[in-house]
Each structure stands twice: as C-alpha cells, then as structure tokens.
Amino acid sequence: MCRASGLLILGSLLAAGLATGCKQHHAVGANTSDHYFATPFQDESQFIVEAIVSDLAEQVSYAAAHRLPDSKAFSVTATEKPGSPPDAPVYDVRVRLSPDQREVKAELSTRGGIWSPEVYGPLTKELARAVGLKPPRAVKPDDSALVSKLLDNTAETIEAQNQAVSAALEKDFANPDLHEQAALVLGAFMLRENSGDFYEMRSPLCRLTAHLAMARFLRSGAGYDVNGRMAEAVLLTLIGAETPALERLKAIGTNAAPIAAMARALQAFNTLDYRPLDEATNRTSLETMAWFTARAYCTSTSAAWEKLSDEQKQNIDIGRIAHAFGYSVEIGHVLLETSLPLELQEINSVYSRSHDKELEMGQVATNLNALPERCFTQEGTTVRVRVIGWGQWADFFQRHLCHAIQQNFHFMDHVWGVPDEAKRFATQCDTNFGALRLYPFVRRFNCTDVETYHQSVDDAFKVTVATPHLVPSRCWNELCYKPRFAPLYSPNPNPHINEWHRHNPPPGTVYDLGPRLIQPSLIARPDVVAFMESLQKLAPHAWDIATQLETRKYRGHPTYEQAMALYGPFLPYSVGALSQVALTVTNDFGRYEKLMLQAAALNPQMYYTLADYMIDQKKDDKGAAYLEKACQTDPDAVRVSNHSRWRVWYYLKKGQTEKAREIADQAAEVYSCDGLEAKGNFLEATTNYDEAFEWFAKIEERYNRSSPVLYFCLRQMGRTNDQRYAEEVKKRLKILFPKGMEKVALNDFQGAPTDGVLIMQENEPLKAAGLKKGDVIVAVYGTRVHHMGQYIYARELQHTPELSLIVWQGDAYREFKPSPPQHRFGVEFGDYVVKRPGTGT
C-alpha cells in the first residue's frame, strides 16, 4: 500500500525534469565507488541492510550479557556481491562486536524481501552463537491487551506503551513476547505517517524488522504470538506488500474484538476498500483513520470530510491525511487554523512524557534535529532500552511539521490567494523552524523568487549528501524540477538520486512507490512493464501500478476490456477507477453516462465531469442539469463559483435572466476569481458596461490578474469608439506585451511554433478563408501574438475589413488575408502552448 502516493503524483508533467536533471550515471546493480554520500552506506538498500544488522548485533549482545558491543571496535559492513540480481541483491555481511572476537561473516540474500525478518534469520543465529545466546524455553500465551490499547491511535498512548515495553525489555531482553510487542508498538507508530511530500519511514521499518527477527530466533522457529503476527501484518502493509499482508490477516483470525478492529483497519489500508468500515459501528480511532484514508483516496477528501463529526475534523491524523491528499478551500481554512497548533501540541506532549519537562518553543528545531537512534542509549555506565527513541519521534515530528508548513503556505498563496499573508507566514516559520534539517525542502516547495529558489536548492543538496537515508524521495525529486518563475537551477548535474535508489523500490517491496515512478533507475528499466506486472502481484490494489501499466503497456489508450482488467477490482468503490474505465467509452454515450453516474454516486463532484462531457457533446440542456446537481450537492462554495461562468451564459441564452443574475451574484459573493468574472460577464451581456468594468477590475486588484479587464476593454474597443477603454488598454500594454510589440514577417518564422493562438473549431467562413481546426495563428497585422489576449488586441489595430494573418498549418507558415465580419470567425480560439522537454512546462 502506497498511501503517500497516488493522486499526489505529478507524473508526466515532472518526468521530463527528472530524466534530464537527475540522470543516472551508474548501471543499476553496480556499486558506487566514489563515496558521494557522507555516510558509510552509499545506496538505500545498503543502508537498510546495515541498519537492520546493526540493530540485531546490539540486541543479541544485550540479550546475552546486558551490555552492548565494544563501541571502539563495533562495526557492521554490508557489501553487495558483484553480479547480484538487481531485484534481490546479495550482500557479504561482516560484523565485529569486540576487538578480541572474530568477525561474524554471512552471505545475506534479500530475495525474501529486504525488510523480511526471515531474511535475517541465519545471520541472527550466527550472531547469537558468537556471544553465547541461547533461546529461552518458556513463552507466554497470546494476549491482545496491547492491540486493544493501540487502537486508541494517539501519540500519547503509543509513547506510554513504548515506555512500558522498553522498561520490560530492559529487564528481560531475551523474551520473545516483548520483542513482538516492541514491533507492534513501532507498527502503530508508523501507521500514523501521513506527511505528504515528506513521507519517509525507512529507519523505524528497520527497527521493526530487527525486533521480529529477534523474536523468531528467541522462539526457536516457533510461530509468533498474536502481537507478532499482527506486527508482521503491519510491516507488510507499510512496505506495500498487500498480498502477503492480507494472507497474514486472514490467518490471524478475529475472535477477539481488538484483533478484529485492527484487522479491519489493516484491510482498509491494504485494499483501500472503505465499505466494511462504512458499515462498522463504534469505529476505533485507528479504524477511523483507515476509513478516512481509503475514502479520501477513492472518492475525494471533501466527500470523506463531509461524513466526519466536528470532533473528528479537529483530529491531527485526519488533518494530516487531508493535507496529503488535497483539500477544498473550506477544508483548507480549517487546516490553516488547526494543523500547526496540533503539531506543536503533539510534539510537546511526547517530549514532556519522554524528557519529564516541557519543550521550549525556541528549542523546537534543535530538539527535532535529533537523529534516529538504535534501540539503546548509554547514560554513563547504564544502558537504557528505548524501542522508539526521541530521535525516531523527532524525525517523525519534523516531517509532519514541515508538511504542515508547506501546505499552509500553499493554501494561502495558491488556493486562497492571499500572497502577502503567505509571505508573512513564511517569514515567521523561517524564524521559528528554519534550522530544521529538512527545512530547505520546505523553502524549495514554497519559494516565490529566484534568490530563495537557488538558496533552497543549494542547502537541500547538502542534506541529501549528509543524510540521504532521512531525505524523503519526493523532496529529492523536487530539486530536479524548475519552478514556474525561473529556469531550472542545476548546481549539481548529477545529484545521485538514481544511485541512491539503485534497487528501486527496495527489494521485495512496493514501498513509497509514487515518487519513484519518475526516477530513471525504475522507469528506464528495459523490462519495466514486466517488472510492474510483478509488483502488481505483490500489491494488486496499488493504484500507481495500474496507472503505470495503462501508460506503459497500453500507451495510455487501453481498450474497455484492458481498462477493466486493470481497474475492475476497484470499480465498486473507486471514483478514479470508474473515471478511467469511462474514458475508454467516451464514444458510447450511454455506457459513459452510466459509469460516470456510478462515480457521481460516490462523489457528487463527478457531476461536473458529466456536465463537461455533455457540453462537449453539444447536449447543453443535459450539461446544465448535471451542473445544477453538482452545485446543489457541493459544499465547496469556491468550486461552485468556479463553474458559474458557463451557467450564466446558458441561462442568458435561455432567456432566464433572473436565474443568470442569481448565479452571478452568488459567485461574486464568494469573491473567487472565476466568480468575479462570472459577475462581470453577466453585466457585460446585459449591457451594463460601466459596472462590468468595475467587476473585472476587482479581479486585477484582488488577484493581480489583468487579463479579464484587459479582454473586456478590448471587446469594448471593438464595439465602441469610447477612448477610455483604449486608455485602459494602454495602461496595461506592458502586461499584455511584456517584451513589447514584436514586428514580424513570414520569413522570420522557422520550425513549428511553441505558442500562439489555436483554432479549435471549424465553420464555413473559416474554411472559405483557407483555414482549419488545428491551425496556429502566430501574427496579426505583422504583430507577433503569443496568446489570445495579444490576438484580441492586435486584430483591432486596424479598422479595415481585411485581416492579415500568419498561420502555421502543420507543415509550413502561410499568410492569409480573410475578411470575416468585424474580424471575428464565430468559432472558438484558444492559447496554444507546447510543453518543452526537460522543463516540466
């Protein structure tokens, strides 16, 4: 299950940037030898193996004699054997525990999965033999008390159980039951990971694996108790191994109520099928989190949010999921008010419980920069056991705090549209949290000027070198993308993202797949389709894999039958699956409508999609009917206002002026950009030109967007000789033509255009002029036009009947001198922009 991926993927828009900015310089499966990273390990899989083995070595030593390996001599190395299978590398592992003890050597194959406890079984036996540790004989019976407590799903409960299990292990470290409890506490800790672009949990996954490997050894091959079996199911869930996770859950059984509740939650996390939890009464907190995750993913955040109680909307886990999966303006306001206070409250709550003192606000960044530690801390001569140390908590909190800051800024700057407030917010966060290890990535996501962009990239690359194992994949990807306001800054031509992810995803897993699907170390494989099919067997409910197979196996154009094979299992509960299948039958009106009505039943926002389809099919009445259903059921007033312009036009065309006025007034009241434009359009259509100008000008004032008022003035210049509109246009000419008005001739054009004005429809006057749908107008009266605004202005430069156009017709540029009435052809034109490879734009 890849909960942090899916709908958040930018996909093809960003793939070009990764392929050019993060080129792969080493063959997959070859060891890097330049030691680019400032760590002993030089790739992700090596880190995972060495982390697990280091944990095991310390745990075996402590279990045998209540002391750790000699710190001066202790070392662990895992060297990948030449010629190892790329998807199941083999490592020569060497462990030195003390100066006077021989090295423990073992060959470790990851074929069973790099986070599989079984993989580390033989090595654990060798380590135990080296220190004289023998498994105990007695084991306790199954006990579901811990499962029952962890269903509470709060940080406070997890920390309380962490302290209890840690204290018990400190006294009886050779007890397999306690290691299974430790693994389950770690699993509950990681199930709360919902940090969006900052998603990362390799370090605690390694710890969980080590505890289960210890439990297997200490049980002498006997099966886990209920805590261990549940912890194993959680582990498989977290690494995306859905098929074995569901098999383990089925085998556990659900006789006890706590076991049944946790099993239901894990079922939902794996399958994303929220329906069983829809029907469950008295859901536990963990079940509610799983339900909201699945519902938000498969329908929409808004559709899931509407089914929450007011108390649940204030829950920190629900807020994190909403931030990760996308949200409406209304939800964004709630999250803006609650997310940071809740994050800081939880940080202080755990800190005070683990340190017996309050956390000072000025020390947040310093304390959250603590590195994840292994299972032990040394206090003088005393060794203390800590299943989840403060370093693990700190890394968790840092990711979620960065996620909240990033999303709050995004909401203010891009969604709500208050850039000045966003800048003030960013300045305050820079002051309070700028010293966080991951904060350069926050700045990279949120930068709005070249200087901040460059500095954030420089600082973030240093983090990838110093602590690559703590850098979220999506954050690393972001360094290879250009922002909207500046060229790509590439101070490091090879940031080694592909070398770090050489075995991609980690062997035997579907861990964190989403951001990896635009990394060449994965998608440039010659067998990528076959590899994706193998991953699908491991994770049949992973949406990302289905979409990748659609893109790569069927070139993005599957037949209905092929789409059903990919998405059929999701159809009863997934809006995305229904939409993808519907796209294959757009030429079958009845079948398309039936599928999309199913989707709309799950998420009424799909009525908007149905309306667009009907309008494209020239079925305006049906389109209007579906738009009304969408607007009546949509709690998001901004989204409703954003669909108001066509509705105003439709009801005016129908002669229902009062209905059109009502829609325009409601949209304007919301004060969204589209809502203000709908109001202006209504006033213009009803010849109230002075008021129309005022409303279009409000868009310029509120959103710093001049095109609506500019286009209105240009239209007015075509209707009247009133010079005030010409004056208004002149005020904005620098906005309309930022490079000035470029004079061009036919011979100035070479090669296909990258922008211009696209002819989107055809009619007889257009055909009579020698033009056709798909042509691109690049000049009018010798003035270069890059978009519709420039075209509208340039066509009014002369008042002769004849237009003078330069047009690209797919094979050559040609000049045309048509004479359409009032310089208008009566068909739809639009902006033509070519995406430039390697830029993401």
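Refer to the structure presented above.
First, a word on scope: everything that follows refers to the structure included in this document.

## Details of the overall build of the protein chain
Summing up its helical and strand segments, the protein chain has 41 helices and 11 strands in all. In summary, the protein chain has a C-alpha radius of gyration of 30 Å against a globular reference of 28 Å for 841 residues, a match within 12%. C-alpha extents for the protein chain along the principal axes are approximately 100 × 55 × 55 Å. A buried classification covers 57% of the 841 residues belonging to the protein chain. Sequence-distant contacts, at least 24 apart, represent 65% of the contacts inside the protein chain between residues at least 6 apart. Just so you have it, the protein chain exposes about 34,500 Å², and 50% of that area is on carbon and sulfur atoms. Seen as two clouds, the 90 positive and the 101 negative side-chain charges of the protein chain have centres 3 Å apart.

## Concerning the packing of helix H35 (residues 673–685) against helix H37 (residues 707–719)
Interaxial distance between H35 and H37 falls to 11 Å at its minimum, and their mutual angle equals 10°. Taken together, the axes of H35 and H37 lie roughly parallel to each other. Facing Glu677, Asn681 and Glu684 of H35, the residues of H37 in contact are Pro708, Phe712, Arg715, Gln716 and Arg719.

## Section: helix H12 (residues 285–298)
Every α-helical turn comprises 3.6 residues, leaving residues that sit three or four positions apart pointing alike. Compared with an ideal rise of 1.5 Å per residue, which puts 14 residues at 20 Å, H12 spans 20 Å between its outermost C-alpha atoms and is within 8% of the ideal. Counted residue by residue, H12 has 13 buried out of 14 residues, so it is predominantly covered.

## Re helix H8 (residues 226–238)
Helix length check: H8 (13 residues) gives 18 Å between terminal C-alpha atoms against 18 Å at 1.5 Å per residue, within 8%. Along H8, the positions that sit buried rather than exposed are Val226, Asn227, Gly228, Met230, Ala231, Glu232, Ala233, Val234, Leu235, Leu236, Thr237 and Leu238. Lining the buried residues of H8 we find helix H4 (145–150), helix H6 (176–191), helix H7 (202–218), helix H9 (242–252) and helix H10 (257–271). At the N-terminal end of H8, a side-chain oxygen is found 2.9 Å from the backbone nitrogen of asparagine 227, two or three residues along, and the residue is aspartate 225.

## Here we look at empty space enclosed by the protein
A full pass over the atoms with the stated rule returns three cavities of 30 Å³ or more. The computed volume of the largest cavity comes to approximately 90 Å³. Around the largest cavity, the lining comprises 15 residues; the ones closest to its centre are Ile316, Gly319, Arg320, Ser339 and Glu343. The dominant element in the lining of the largest cavity, judged by the number of residues it contributes, is helix H15 (residues 329–355), at five residues. Of the residues assigned to the lining of the largest cavity, the class counts are four nonpolar, eight polar and three charged.

## Some points on the sheet that holds strand E3 (residues 104–109)
An order of E1-E2-E3 is seen for the three strands of this open sheet, with the pairing classed as antiparallel. Strands with a single pairing partner mark the edges of an open sheet, and in this sheet they are strand E1 (75–80) and E3. Taking the axes of each pair of neighbouring strands and ignoring which way they run, one obtains an average angle of 20° across the sheet. Of the pairings in the sheet, the one linking E1 to strand E2 (residues 90–96) comprises six bridges and is antiparallel in character. Bridge pairing links threonine 79 to aspartate 92 in E2. Where helix H3 (residues 121–131) meets the sheet, its contacts fall on E2 and E3, and the angle it forms with E3 comes to roughly 170°.

## Focus: the state of the cysteines
According to the stated counting rule, one finds zero disulfides in the structure shown. Here cysteine 447 is not disulfide-linked; the sulfur of cysteine 475 is the nearest cysteine sulfur, at 13 Å. Here cysteine 475 is not cross-linked by a disulfide; its sulfur's nearest cysteine counterpart is in cysteine 402, at 7.8 Å.

## Considerations on the side chain of histidine 179
By the secondary structure assignment, histidine 179 is in helix H6. Taking the relative accessible area as the measure of exposure, histidine 179 reaches 0% and is therefore buried. Separated by 3.0 Å, the side chains of histidine 179 and histidine 211 make a polar contact. In contact with histidine 179, other than residues within four places in its own chain, are Gln59, Leu169, Phe173, His211, Met214, Ala215 and Leu218.

## Topic: the packing of aromatic side chains
Under the defined criterion, the tally for this structure stands at 42 aromatic pairs. A ring pair is formed by tyrosine 453 and tyrosine 489, whose centres lie 6.2 Å apart and whose planes are at 75°; its orientation type is edge-to-face. Highlighted residues: tyrosine 453 in helix H20 (residues 450–466) and tyrosine 489 in the loop between helix H21 (473–478) and helix H22 (497–500), separated in sequence by 36 residues. Considering the side-chain rings of tryptophan 543 and tyrosine 567, the 5.0 Å spacing of their centres and the 40° angle between planes classify their relative orientation as tilted. With tryptophan 543 in helix H26 (residues 543–553) and tyrosine 567 in helix H27 (residues 560–567), the pair connects residues that are 24 residues apart, well separated along the chain. Here tryptophan 543 matches tyrosine 567 in class, with each residue buried.

## What to know about the nonpolar core
Ranked by size, the top nonpolar core spans 209 residues in total, and within it Val95, Trp115, Tyr120, Phe292 and Trp393 carry the most contacts. Among the elements that line this core, the one with the most residues is helix H17 (residues 390–416), at 12 residues. Sequence-distant contacts of tryptophan 393, that is, excluding residues within four places in its chain, are made with Ala155, Ile158, Glu159, Asn162, Phe189, Val350 and Ile388. Ranked by size, the runner-up nonpolar core spans 49 residues in total, among them Phe682, Leu683, Trp695 and Tyr793.

## Notes on the side chain of asparagine 763
Looking at the element boundaries, asparagine 763 is found in the loop between strand E6 (755–759) and helix H40 (764–768). A polar contact of 2.9 Å, which involves the side chain of asparagine 763, links it to the backbone nitrogen of leucine 766. Within the local environment of asparagine 763, its side chain forms a polar contact with the backbone oxygen of phenylalanine 825, the two atoms lying 2.8 Å apart. Those residues in contact with asparagine 763 that lie beyond four places of it in its chain are Phe825, Gly826 and Val827.

## Overview of the pattern of salt bridges
In the structure shown here, the tally under the stated rule is 60 salt bridges. Here arginine 591 and aspartate 588 are joined by a salt bridge, their closest N and O atoms 3.8 Å apart. Among the residues examined, arginine 591 registers a relative accessible area of 36% and is labelled partly exposed.

## Some details on unusual backbone geometry
Cis geometry is adopted by the peptide bond preceding proline 505, which originates at asparagine 504 and carries an omega value of -5°. Position of proline 505 among the secondary structure elements: in the loop between H22 and helix H23 (513–516). You will see that tyrosine 781, though not glycine, has its phi angle at about 50°, which is positive. With respect to the helices and strands, the residue tyrosine 781 is situated in the loop between strand E7 (776–780) and strand E8 (783–784). Overall, tyrosine 781 belongs to the buried group, its relative accessible area being 11%. Residue histidine 823 is not a glycine yet carries a positive backbone phi of 65°. Tracing the sequence through the fold places histidine 823 in the loop between strand E10 (813–816) and strand E11 (829–833).

Parameters and conventions
The written sequence of each chain sets the order in which its residues are numbered from 1. Whole-chain, interface and lining totals are the exception, using all residues; otherwise, since this is a predicted model, local features are given only for residues with pLDDT of at least 70 and side-chain atom pairs are given and counted only at 80 or more. Side-chain measures here rest on the full set of heavy atoms in the structure, leaving out hydrogens and waters. The way it works is that DSSP assigns letters per residue, a run of H or I at least four long becomes a helix, a run of E at least two long becomes a strand, and they are numbered from the N terminus. Only C-alpha atoms enter the radius of gyration, while the globule expectation follows 2.2 Å times N to the 0.38, with N the number of residues. The cut-offs for exposure are 20% and 50% of the maximum accessible area for each residue type, with area from a 1.4 Å probe on protein chains only; residues under the lower value are buried, those over the upper are exposed, and the others partly exposed. The criterion used for residue contact is that any of the two residues' heavy atoms lie within 4.5 Å. Residue-level accessible areas treat just the shown protein chains as cover; the underlying method is Shrake-Rupley with a 1.4 Å probe. Charge counting follows a simple rule: Lys and Arg are positive, Asp and Glu are negative, and His as well as the terminal groups are ignored. Where a charge lies is defined by one atom per residue type, namely NZ (Lys), CZ (Arg), CG (Asp) and CD (Glu). Structural elements are reduced to axes, namely lines fitted to C-alpha atoms, with helices fitted over the stretch in contact, and the angle between N-to-C directions of any two is expressed from 0 to 180 degrees. Angular relationships are summarised with four words: roughly parallel below 35 degrees, roughly antiparallel beyond 145, roughly perpendicular across 65 to 115, and oblique for the angles in between. Under the convention used throughout, the expected extent of a helix is 1.5 Å for every residue step, that is, one less than its residue count. In protein, a polar contact means a hydrogen-donor-capable atom and an acceptor-capable atom, both N or O and within 3.5 Å, with residues adjacent in sequence counting only if both atoms are side-chain atoms; elsewhere, any N or O pair within 3.5 Å suffices. Using a 1 Å grid laid over the protein atoms alone, points where a 1.4 Å probe fits but cannot get out form a cavity; open sets with protein on both sides within 12 Å along at least 5 of 7 lines form a pocket; any residue with an atom within 4 Å of a point counts as lining. Grid points are joined across faces, edges and corners, and a volume is the space filled by probe spheres set on the points. Any residue that is not Ala, Val, Leu, Ile, Met, Phe, Trp, Tyr, Cys, Pro, Asp, Glu, Lys or Arg is counted as polar, Gly included; the first ten are nonpolar and the last four charged. Between any two strands, at least two bridges found by DSSP are needed for them to pair. Cysteine sulfur atoms that pair up within 2.5 Å are treated as a disulfide. In summary, the pairing rule links any two rings of Phe, Tyr or Trp, Trp by its six-membered ring, whose centres are within 6.5 Å, and it sorts them by plane angle into stacked for under 30 degrees, edge-to-face for over 60 and tilted for everything else. Nine residue types can take part in a nonpolar core, namely buried Ala, Val, Leu, Ile, Met, Phe, Trp, Tyr and Cys, and a core is a set of them joined through side-chain atoms within 4.5 Å. Salt bridge, as applied in this entry: a Lys or Arg side-chain nitrogen positioned within 4 Å of an Asp or Glu carboxyl oxygen.

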